[in-house]
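Each chain, letter by letter, is given below.
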Amino acid sequence: MAAILAVTEQRGGALRKVSLEVISAARALADQLGASVDAIVLSNGAVDGAGNLGSAGADQVLAASHDAFGLYSPDGYAATIASIGGNYAAIVFAASAMGRDLAPRVAARLGTGCATDVTGLGVEGGKVTATRPVYAGKAIQKITLGGSPAVVSIRPNTFPVSTGAGKAGAAGTVAVPAFATRVTVKGVKAPEQAALDVTEAPIVVSGGRGLKEPGNFKLLEDLAAAFGSAAVGASRAVVDAGWREHGAQVGQTGKTVAPTLYVAVGISGAIQHLAGMRTSKVIVAINKDKDAPIFKVADYGIVGDLFEVVPRLTDEVKKLRAE
Amino acid sequence: MKIAVCLKRVPDTTAKIVVGGDGKSIDESGVKFVPNPYDEYALEAAIALKEKAGAGETVVVALGTDAAQETIRTALAMGIDRGVLLQSPGSADGFEVAKAIAAELKGQGYDLILFGKMAVDDYNHQVGVMVAELLELPCVSAVSALTVEGGALTAEREIEGGVEQLACQLPAVVTADKGINTPRLPSLKGIMAAKKKPLETKPVSLGAGSITVTSLALPPERQAGKIVGEGPDAVPALVQLLRTEAKVI
């Protein structure tokens with residue numbers, strides 16, 4: 001029977017949530033192809049959460065263990081996946097920092113193309129098809145993957161996680177082949193405050209020039225804290241001005257986000273910003289200019305002074321969550 | 001140091017996208033084209049590294065139509081020494097593009113090969129890494145801080161909730177992210193000098209590849225929603241809507 005390989009991610013011995021999205025996407029594709037799903041876990045020991053892979057849709061969970069696999073090993077991970085990749089009809093990665101580096105390595109080693117950042121997967125005439133936003137989401141491309149295997153990476157926060165399978169996957173192992181370490185990952189520097197990434201947070205609160213000065217982002221940090229699981233994003237203008245780290249930038253030359261709730265504060269809505277957040281499920285805009293383009297894409301808007309509206313919103317959200 | 005920078009000509013990020021008559025690509029009429037913004041970081045890194053080394057050569061390699069000559073001239077005006085245009089309409093399959101670029105770079109004695117982390121048109125995010133794999137070179141992608149010293153490099157790349165620190169020997173491939181530097185603007189002197197710098201053109205033909213674009217469409221328009229109200233007094237109504245109507249909090 002044909003099989004699909006789902007590449008999971010762990011950090012510090014804990015499975016990352018995006019891994020469940022990868023397995024669910026692989027499962028949906030496998031059901032259309034009449035295939036099974038193997039999930040691979042690359043690590044240097046036991047991984048917390050690996051037991052959930054079966055219920056997300058993996059028929060088999062393959063452990064690939066190596067002393068160098070505690071951290072990401074670009075060469076080792078690529079060599080391991082490429083060593084078995086040729087047996088699969090498709091390989092599904094997350095379009096995460098790791099997956100964006102790893103998927104093209106594996107595709108190149110298998111001598112085939114790679115579709116990155118896909119938001120939809122299907123099967124037509126026995127071939128895998130994918131939809132993917134291009135021009136930062138200003139257009140949607142539909143493609144057919146003729147290669148074997150079809151190598152894809154899925155955009156985080158886009159594919160629903162299924163938990164219904166209700167079975168434990170069979171356990172297996174993959175022998176890690178000998179590999180040359182060309183690049184060494186020395187370590188991971190954690191930020192001073194553990195912060196959610198804008199691409200993975202269910203709620204994103206973003207600020208623009210309307211905040212007037214960098215210190216005022218405290219208002220958005222407070223609002224994000226009130227929501228709980230939220231990240232603070234920024235427009236290109238304020239990142240270019242050095243107010244916020246570039247990793248927080250949402251838009252065509254920054255990150256493309258698709259949270260459940262996106263709150264745009266003091267952001268007028270330049271075309272390149274809209275491109276980066278238009279697939280958010282619900283958009284709220286707070287802006288003093290009632291004609292700002294951001295209101296044309298927002299589901300809900302408040303016209304007013306953000307310095308009055310945002311603190312009130314923080315209070316109301318706190319009240320709601322306290323109930 | 002001998003450094004190559006791979007460059008792509010792309011529509012300006014402020015351009016409005018209109019689907020062309022073939023239903024698979026964009027209508028390029030009236031669209032302004034620019035060097036891919038992430039490639040500008042790679043160009044700046046190359047020029048700065050050569051300046052620091054005090055010697056060496058920087059070469060820009062672009063794969064594209066003849067129109068990309070103008071994009072190459074922009075790189076030469078910034079300070080790159082010479083340019084190579086691989087004449088091709090391109091491919092939806094990044095691996096085919098990577099093969100053509102790798103063939104051009106192979107055996108040329110480059111210490112460092114730089115790319116932008118992705119092109120802002122096709123969002124493929126893969127060609128630099130694939131070139132490194134084809135050339136069997138170390139590769140660090142999406143680099144936001146880079147130090148090159150004594151035949152080796154150290155780099156940082158952003159990952160979710162942290163920064164990964166990496167190291168490798170030269171020769172190597174690096175793809176650049178925002179944050180690595182601030183690209184310089186071409187000076188008037190640079191623009192004049194660029195006109196006389198060598199620009200070689202070579203036709204290349206790409207393989208059919210395994211990825212076929214079947215359609216390109218604009219995303220569904222978002223319906224403009226409602227203005228809940230004005231000022232802080234509208235906040236309770238907003239919170240209520242987010243909870244009961246949108247069910248997101």
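Residues numbered from 1 in each chain as written. Chains lettered and ligands numbered in written order. Predicted model: local features only at pLDDT ≥ 70, side-chain atom pairs only at ≥ 80, totals over all residues. Heavy atoms only, no water.

Overview of the sheet that holds strand β9 (residues 127-134) of chain A
Within a sheet, neighbouring strands are paired by backbone hydrogen bonds and run either parallel or antiparallel to one another. Overall, antiparallel pairing links the 4 strands, which are arranged β8(A)-β9(A)-β10(A)-β12(B) in an open sheet. Only two strands of the sheet have a single neighbouring strand rather than two, namely β8 (120-124) of chain A together with β12 (211-217) of chain B. Across the sheet, the axes of successive neighbouring strands diverge by a mean angle of 25°, strand direction being ignored. Direction of pairing for strand β10 (residues 139-145) of chain A relative to β12(B): antiparallel, over a ladder of 6 bridges. Among the inter-strand pairings, Thr144(A) is bridged to a residue of β12(B), identified as Thr212(B). Packed on one face of the sheet, helix α1 (residues 18-33) of chain A meets β8 and β9 of chain A and runs near 10° to β8(A). (Pairing = 2+ DSSP bridges. Helix = DSSP H or I, 4+ residues; strand = E, 2+ residues; numbered from the N terminus. Axes fitted to C-alpha atoms, helices over the stretch in contact; angles between N-to-C directions. Contact = heavy atoms within 4.5 Å.)

Remarks on the packing of aromatic side chains
Enumeration over the complete set of coordinates arrives at 4 aromatic pairs over all chains. Put simply, the rings of Phe69(A), Tyr72(A), Tyr77(A) and Phe179(A) pair up and form one aromatic cluster. Against the face of Tyr110(B) rests Lys2(B), its NZ or CZ located 4.9 Å from the ring centre. The side chain of Arg9(B) reaches across the aromatic face of Phe33(B), ending 3.8 Å from its centre. (Phe/Tyr/Trp six-rings, centres within 6.5 Å; stacked < 30°, edge-to-face > 60°. Lys NZ or Arg CZ within 6 Å of the ring centre and 35° of its normal.)

Some words on the interface of chain B and chain A
Taken together, the contact pairs 81 residues of chain B with 90 residues of chain A. Both sides of the chain B and chain A interface together cover about 7200 Å² of buried area, and 56% of this is carbon and sulfur. For the chain B face of the interface with chain A, the top three residues by lost area are Tyr123(B), Glu160(B) and Arg222(B), together amounting to 12%. At the junction of chain B and chain A, the tally comes to 10 salt bridges. As a salt-bridge pair, Lys178(B) and Asp240(A) come within 2.9 Å of each other at their nearest N and O atoms. Inspection of the chain B/chain A interface yields 47 residue pairs in polar contact (both at pLDDT 80 or more). Going through the elements one at a time, α1 (37-53), α4 (127-135), β7 (139-149), β8 (152-159), β9 (162-169), β12, β13 (226-230) and α6 (235-244) of chain B are the ones with two or more residues in the side of chain B that touches chain A. Looking at the side of chain B that touches chain A residue by residue, the class counts come to 42 nonpolar, 19 polar and 20 charged. (Buried area = accessible area lost by both parts, 1.4 Å probe. Salt bridge = Lys/Arg side-chain N within 4 Å of Asp/Glu carboxyl O. Polar contact = N/O pair within 3.5 Å; in protein donor to acceptor, adjacent residues only side chain to side chain. Nonpolar A, V, L, I, M, F, W, Y, C, P; charged D, E, K, R; others polar.)

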